[in-house]
Each structure stands twice: as structure tokens, then as C-alpha cells.
Amino acid sequence: MTADQPLIGTGATAATPSGLSTRISRQITLAFTRERLQSGRFLLFFWFVARLVICCIWAFLTPSTQGDVVYYYEKIQVLFDSGPASTLTEYPTPVIALLVVPYLLGFGTQHGYVVAFALMMLALDAAFTWSLWHTGGAMKGQAVVFWTLFLALVGPTAYLRFDLLTSVLAGWSVIFLLRRHHVTAGALTAAGAAVKLWPALLWPALLPGSRRQKITTTAGFAVTGIVLVLASIGFAGWDRLMSPLHWQSGRGLQIESIAATPPMLGRALGTGDYVVTLSRYQAYEIWGPGVSAIVAVADMAFYVGIVAALLAYLVWLWRGHGRIIEAVALLQLVILIMIVTNKTFSPQYIMWIGGPQAAAYAVLGARSQRTESFFTDRSRMNAISMWMLVATAFTLLVYPLSYDRLVSDWNVSDELLRLPATVLLALRNVAVVIVLGLVVRWVWSYLRPSAVRAVRARRGGTVLPPGPGR
């Protein structure tokens, strides 16, 4: 690869996308020559510098981002008095066990808890980066660079929320699927669902191979899930198990959500009687003209989107001979549908897409790089990756750097800076919608009727399609 070619790929072809994503890719990645992408020493240095930047932003610019970790600490501190049935009821029960660990490591102190929690997330990041390097094949450098850049653009939030765990577990599921450790891939997906409920929807994407592979993956997912459910019921009871579902259903329109963009712009421009308040769900929500209708539309869009994703799964599995790179596209489709259509969108949600996208480069690296399909898939990956980085950078600018301007009405300067802060939020939301559009286009490329008929025709003939491991 020459210095003027995109970071997350090698070589340009007629399939390479033109436009903004390609220009951004080329400008950002001029420094990542082929030699550097294959140099473990250089990439380790790059990772350390990027992580140092995250720590500096946290320490000197946005110390308030540790507020959620302090909240975890306060809840765990009273766990032994209030019991698990009333502790952190907005999260699945196994999260309690996860959040007890930094309490023990931090010797029960608040400062110790915050440091221990951040170090746990840093160690998780390092472990995932190591796995990308050791399993990424010819694309290992691209996988590490994307993940390193992505998490750096997330900023301090990456280490001060446990959503990083769900992102990494989703990425590891793809990697273990690639390495034909199907039981482990299913188990990791179930573990992700035990931390945040949404990874349960990713299980069908892990079934692209033979009937035996489908059975073993499903067994890993089901057994792990059943064990965690039974353990949760035994630890805190049935009501506590179901409490996260009740919690989510009662929430209002969060200010960062895609659906909240019009009223947030209206508030910034002073064209409506809108107000932003901190709800009992520890989220800033907007209220005012038309918001109730927007919430109803968002709820309907969410369910329609999930049904559409499930139909895509069914068509893909019925078509058969799915490739793992197609599975990654379906993973991203489900995640992005949940983000874009949801009435809630906290800053940490952007992390969900990073792990699977980084793992997708390991999938590409295990394939032959002399085929047209490789160049086509890589081109789509490059475009999606660049827009993901753009959306993540805007998320950092919104939270935590300009968040106070979005939520406060304390002084004149807040009102003056509210409009540019809201424009940043709107641009972030547009970028996320563009990512969803690119993923939908990718999924449609192999699930459109003509593509499905072509694959099924090959299945009925003498020409064998590519195996599921690629």
C-alpha cells in the first residue's frame, strides 16, 4: 500500500467509493503506510498516545464525565443495606456483579472506585486491541488503527461507562465466529445481553454456516443465557430481572436522540416553548409542542425497524451460504436501527458500533485479497468507517465538550452558545443516519431479490459458493 491510499484498505479499484468519505479517509491516513500498519511497535506507540490524549481530556477538560461512575459507586455502596432487588434497577441484574469489582479493587473509596473502573475499561480496550492484532491477518494494522482512532474520538466516556464491554463482546463474537469457535461466539453474545439487553438481537447474525455450526452457536447462546437468567432470579428475584424493561418503557424524549433534533433546533432558535429537564431516569429530556407526537412516532419507528431487521435475518438465513462479513453488516444494521429510531440516545451508545466494525477488518484480513468481492467489501467498509469516525468526533464535541450549553439556562452565555452546540448535535445525528443508510445499502446489495435468487440458483447447481468462514 502506498502512502496516498486509504488507511483501512490496500489499493484502489473501480469499486472504491468517491466523495467525502474517501477524501476524509485519505487525509486522515496519509501517515499510515504499509510498513507502519505492519509494525507492532508503531501501532503500540500510536495506541499509547491516543489513550494518553483520552486521559488528558478527562483530567484537564472534562472531569465531570466521571459522574456516572460516581453514581455506580453510590449505588454499590448501599447494596448491602438495600439489597439487589432495588439496586441499579435500570440495568440487568448481572451488572451489579460487574460493578462490585471496582468497589473491591478500590477498597471501598470513591476515588479508588473511579480509578479502578477506568483501569478495568482500559484493560478491556487493551485486550481487544491485542486480539485484533493477533487475529486480523493481512488487515490487522487497519483493524487496530480503526479501533484506536474510534475510541480516542469517543473520549473519556469510553472508560467511564460500561458500554465498552458490550461493544468489545460483540466484536469478540465476530472474531470467535471467524475462528470457528461457535460456542464461544454464542456465549459472548449472551454475556453482552446480560450487561445491556440489546445484544440478544445479534444472535441470528452468528448463524451463517452449516447446520452444525448453527446448533453449536445457538447452544452457546442459550445455555449461557439460561444460566445467567437463573442466577439473576436466584440473586435478586423475577421483578428485578424484568425491571430494565419497565424502566426503558417509561422514558421520554432524550435530547440527543435523532427524533429530538427538530425540537432541539426549535429551542435553540427560540421558535417554540420548549424546556429541557433532568428526568428521574438520569437523562435530559425535552418537553414542548409536538414532543408527545414525536415520541409516539419514535416508538412506532423503533418497532418497525426491529421487525425489518428480523425480516432481513430471515431472508439471509433462508438464502443460505451467508458470509461472516455479511453477518457484520447485519449486526451493524440492528445496532444502528436501535440507535436511530430510539427515543433515547446517550453519548455512550456510539461505542456499540465500534467493536463489530473493528472485528470486520479481521474478517477481511482472513480472505483472499485478489478477488473483486474483497475490494467491494473493503470499499464499503472504508466508507462506513469514515462516517463512523465523523459521527464519533461530533459526539465528543457534543458530550462532554459542549453539553452544558444544550441543557442549561443559567446565564446569557449559555443562550448565546446554545445554537452552535445544537448545530453540532444535529450534524452528529445526520452523520449517524448516513452510517445507517450506508449499512442498509450494503445489506440490500446481498439481500435484494436478484442477489438472493442468484445465490439460491448456485446452491441448486454444481458451482459451489464461498464458504461461510470468509
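The rules we used
- Residues numbered from 1 in each chain as written.
- Predicted model: local features only at pLDDT ≥ 70, side-chain atom pairs only at ≥ 80, totals over all residues.
- Heavy atoms only, no water.
- UniProt positions renumbered as here; feature names shortened; annotations may be inferred.
- Core = buried A, V, L, I, M, F, W, Y, C linked by side-chain atoms within 4.5 Å.
- Buried < 20%, exposed > 50% of the residue type's maximum accessible area, 1.4 Å probe, protein only.
- Helix = DSSP H or I, 4+ residues; strand = E, 2+ residues; numbered from the N terminus.
- Salt bridge = Lys/Arg side-chain N within 4 Å of Asp/Glu carboxyl O.
- Contact = heavy atoms within 4.5 Å.
- Phe/Tyr/Trp six-rings, centres within 6.5 Å; stacked < 30°, edge-to-face > 60°.
- Lys NZ or Arg CZ within 6 Å of the ring centre and 35° of its normal.

Looking at an unreviewed UniProt entry, one finds the protein chain named Glycosyltransferase family 87 and attributed to Propionibacterium ruminifibrarum. In its Sequence similarities (unreviewed entry) section, the UniProt entry covering the protein chain states "Belongs to the glycosyltransferase 87 family." If you open the UniProt record of the protein chain and go to Subcellular location (unreviewed entry), you find "Cell membrane".

Caption draft 1: Examining the nonpolar core more closely. The biggest cluster of nonpolar side chains holds 112 residues, and the ones touching the most others in it are Y72, L99, W147, L151, F162, L164 and L330. The greatest single-element share of this core, amounting to 15 residues, is contributed by helix α15 (residues 324-341). Residues V276, I286, V291 and A421 belong to the second largest nonpolar core, which totals 16 residues.

Caption draft 2: Geometry of the pattern of salt bridges. All chains considered together, the criterion is met by 9 salt bridges. Between R51 and D125 there is a salt bridge, and its shortest N-O distance comes to 2.7 Å. Of this pair, R51 sits in helix α3 (residues 40-61) while D125 sits in helix α7 (residues 110-135); the two residues are 74 residues apart in sequence, bridging distant segments of the chain. The same class applies to R51 as to D125, namely buried. D299 serves as the salt-bridge partner of K343, at 3.7 Å between the closest nitrogen and oxygen. Of the two residues, K343 sits in the loop between α15 and α16 (354-365) while D299 sits in helix α14 (residues 291-319), which places them 44 residues apart along the sequence. Since its relative accessible area comes to 8%, K343 is described here as buried.

Caption draft 3: Focus on the side chain of T148. Following the sequence through the fold, T148 ends up in helix α8 (residues 140-154). With relative accessibility at 0%, the residue T148 sits in the buried group. Other than its neighbours up to four places away in sequence, T148 contacts F46, W47, A50 and R51.

Caption draft 4: A look at the packing of aromatic side chains. With the rule as written, the count across this model stands at 23 aromatic pairs. Relative to Y91, the ring of Y72 has its centre 6.4 Å away and its plane inclined at 75 degrees; by these criteria the two rings are edge-to-face. Of this pair, Y72 sits in helix α4 (residues 67-77) while Y91 sits in the loop between α5 (79-82) and α6 (94-105), and the two are 19 residues apart along the sequence. The buried category is assigned to Y72, whose relative accessible area is 1%. Ring centres of Y72 and F162 lie 5.6 Å apart, and the angle between their planes is 45 degrees; on these two criteria the pair is classed as tilted. Taken together, the residues Y72 in helix α4 and F162 in the loop between α8 and α9 (163-178) connect sequence positions 90 residues apart. Overall, F162 belongs to the buried group, its relative accessible area being 0%. Across the ring face of W133, the terminal group of K140 is positioned such that the distance to the ring centre comes to 4.2 Å.

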